[in-house]
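Spelled out, the chains give:
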Amino acid sequence: MKVFITRSLPGNVEKTLRENGHSVVTFKKDRPITKKEFINYARNADAVISLLTDKIDSEIIDNLKKCKIIANYAAGYNNIDINYAKQKNIIVTNTPDILTNATADIALTLALTCSRRVIDGHDFVKKKKFKGWAPKLLLGLDICGKTIGIIGAGRIGQAVAKRFKAFDTKIIYYNRSRKSDFEKKIGAKKVTLKKLMSVSDIITIQIPSTNETYHLLDKEHLSFLKPNAILINIARGEVVDEKYLIQLLKKNKIHSAGFDVYENEPNIDPELLKLPNVVVLPHLGSATIETRTKMALLCAENVLRVLKGKSAKTPV
Ligand code: DGY
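Residues numbered from 1 in each chain as written. Predicted model: local features only at pLDDT ≥ 70, side-chain atom pairs only at ≥ 80, totals over all residues. Heavy atoms only, no water.

**Q** Any chance you could explain the packing of helix 5 (residues 100-115) against helix 7 (residues 155-165) here in plain terms?
**A** The axes of two packed helices give the description: the angle between them and the distance between them. Running from N to C, helix 5 and helix 7 cross one another at 50°; their axes reach a closest spacing of 8 Å. When the axis of helix 5 is compared with that of helix 7, the two are oblique. As helix 5 packs across helix 7, the resulting crossing turns out to be right-handed. Contacts between helix 5 and helix 7 involve Thr-100, Asn-101, Thr-103, Ala-104, Asp-105, Ala-107, Leu-108 and Ala-111 from the first element and Arg-155, Ile-156, Ala-159, Val-160, Arg-163 and Phe-164 from the second. Among the residues making up the contact of helix 5 with helix 7, the classes are represented as 8 nonpolar, 3 polar and 3 charged. (Axes fitted to C-alpha atoms, helices over the stretch in contact; angles between N-to-C directions. Helix = DSSP H or I, 4+ residues; strand = E, 2+ residues; numbered from the N terminus. Parallel < 35°, antiparallel > 145°, perpendicular 65-115°, else oblique. Left-handed = near helix turned anticlockwise from the far one by under 90°. Contact = heavy atoms within 4.5 Å. Nonpolar A, V, L, I, M, F, W, Y, C, P; charged D, E, K, R; others polar.)

Right under this line is the structure:
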């Protein structure tokens, strides 16, 4: 059967699919595929492996005449109209679990980079400004003893909390449901979003982007942040009112913010890029060789199972 992959992936995914008797076409250009190209390539495919940059709406789905599975190469699947895919009997899968550790590591990386002013220090040395140790040079903020607010205590949120726990911090969380095991293991305490925003020193966001979470951190909630708060978003840009956050950062109303994702990705607000108190990454959450390779193989496994008439391993 025919499998279409919307961009070249790490690992031996094409080989694996071919060894199982399928023909594979990969969109080889080093940029996201356009809607028109997607439809042209995928029209006759029995399976599609897609990326979070592919917006798979009802128009695309209507053109997938033979497709049985869309295997999304990400944990998030807000890029796909999953209700419409379901109506058309197309199975959608994602890549949970295997990217939990890598993505949690990025939250820590951003938090440490913001709190210890790593980018400022790096630029300072590179610009040959370092004239020797100085008592007030680029002072950052401690992490030990601080309160960490985890927004979204799913797998990734819990992994972020576990890492912060090693820094002797107090963990609070906001989540729809109570996570008793998490509370027992980490000593985490469930609080309201307002409370979390008001008392946390570092806030990390791990919730999925849905209609309900759009601008969950709106003006009102962002205004509760403490003057030395650090806000880290590794989820999706849409969950934060980015324009308002930029205003807070501009006026130094909070310490800093670390971004792996953006509201209008990849077109980042130019105002954000001008700010000295932000750390910006190009959506690197799962970007390790090991993790991205495992994600590709999981997509292939889901495709192989569904094309054999079996149930998918990780349906959404
Ligand atoms: C995902 O899989 O949703 C992450 O954003 C990738 O980094």
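Right, picking up where we left off after that structure.
**Q** I would appreciate a short explanation of the site of the ligand in the present structure.
**A** Around the ligand sit Ala-74, Ala-75, Gly-76, Leu-99, Arg-236, His-283, Gly-285 and Ser-286, and those are all the residues in its vicinity. With respect to the ligand, the side chain of Arg-236 contributes an N or O atom lying 2.6 Å from an oxygen atom. Calculation on the ligand without its partners gives an accessible area of 230 Å², and the protein chains cover 93% of this total. (Near = heavy atom within 4 Å. Polar contact = N/O pair within 3.5 Å; in protein donor to acceptor, adjacent residues only side chain to side chain. Areas by Shrake-Rupley, 256 points an atom, 1.4 Å probe, with all protein chains shown as cover.)

**Q** Where do I start with the domain arrangement of the protein in this structure?
**A** Quite often, the size of an interface is put as the accessible area lost when its parts meet. Along its sequence, the protein is carved into domain 1 (2-98 + 288-307) and domain 2 (100-280). Taking only C-alpha atoms into account, the centre of domain 1 sits 31 Å from that of domain 2. Contacts between the two partners involve 8 residues from domain 1, matched on the other side by 5 residues from domain 2. Summed over both sides, the interface of domain 1 with domain 2 buries roughly 600 Å², with 43% coming from carbon and sulfur. On the domain 1 side of the contact with domain 2, Leu-52, Asn-78 and Asp-97 bury the most area, a combined 64% of that side's loss. For Asp-97, the salt bridge is made with Arg-155, and the minimal N-O distance between the two is 3.1 Å. Applying the counting rule to domain 1 against domain 2 returns 3 residue pairs in polar contact (both at pLDDT 80 or more). Looking at the side of domain 1 that touches domain 2, its residues break down into 3 nonpolar, 4 polar and 1 charged. (Domains from an automatic or database assignment. Buried area = accessible area lost by both parts, 1.4 Å probe. Salt bridge = Lys/Arg side-chain N within 4 Å of Asp/Glu carboxyl O.)

**Q** What is the right way to read the sheet that holds strand 5 (residues 91-93) from this model?
**A** Paired through backbone hydrogen bonds, the strands of a sheet run either parallel or antiparallel to each other. Spatial strand order, 2-1-3-4-5: 5 strands in an open sheet with parallel pairing. Every interior strand has two partners, whereas the edge strands, strand 2 (23-26) and strand 5, have only one. When strand polarity is set aside, the average angle formed by the axes of neighbouring strands in this sheet is 15°. This element, helix 13 (residues 289-307), spans strand 1 (2-5), strand 3 (47-50), strand 4 (69-72) and strand 5 of the sheet and lies at about 165° to strand 4. (Pairing = 2+ DSSP bridges.)

**Q** How do you make sense of a nonpolar patch on the surface when you look at a structure like this?
**A** A cluster of nonpolar residues, Val-125, Phe-130 and Leu-137, forms a patch on the protein surface that exposes about 260 Å² of accessible area. Mapped onto the elements, Phe-130 comes out in the loop between helix 6 (118-126) and strand 6 (147-151). You can call Phe-130 partly exposed: its relative accessible area is 46%. (Patch = residues over 30% accessible without salt bridge, like charges linked within 9 Å, V, L, I, M, F, W, Y side chains within 5 Å. Buried < 20%, exposed > 50% of the residue type's maximum accessible area, 1.4 Å probe, protein only.)

**Q** What exactly am I supposed to notice about the pattern of salt bridges here?
**A** Considering all chains together, one arrives at 18 salt bridges under this definition. Its salt-bridge partner being Glu-19, residue Lys-15 comes within 3.5 Å of it at the nearest N-O pair. Residue Lys-15 and its partner Glu-19 are both found in helix 1 (residues 13-19); the two are separated by 4 residues, about one turn of the helix. Note on Lys-15: relative accessible area 49%, which makes it partly exposed. Take Glu-19: its relative accessible area is 59%, and that puts it in the exposed class.

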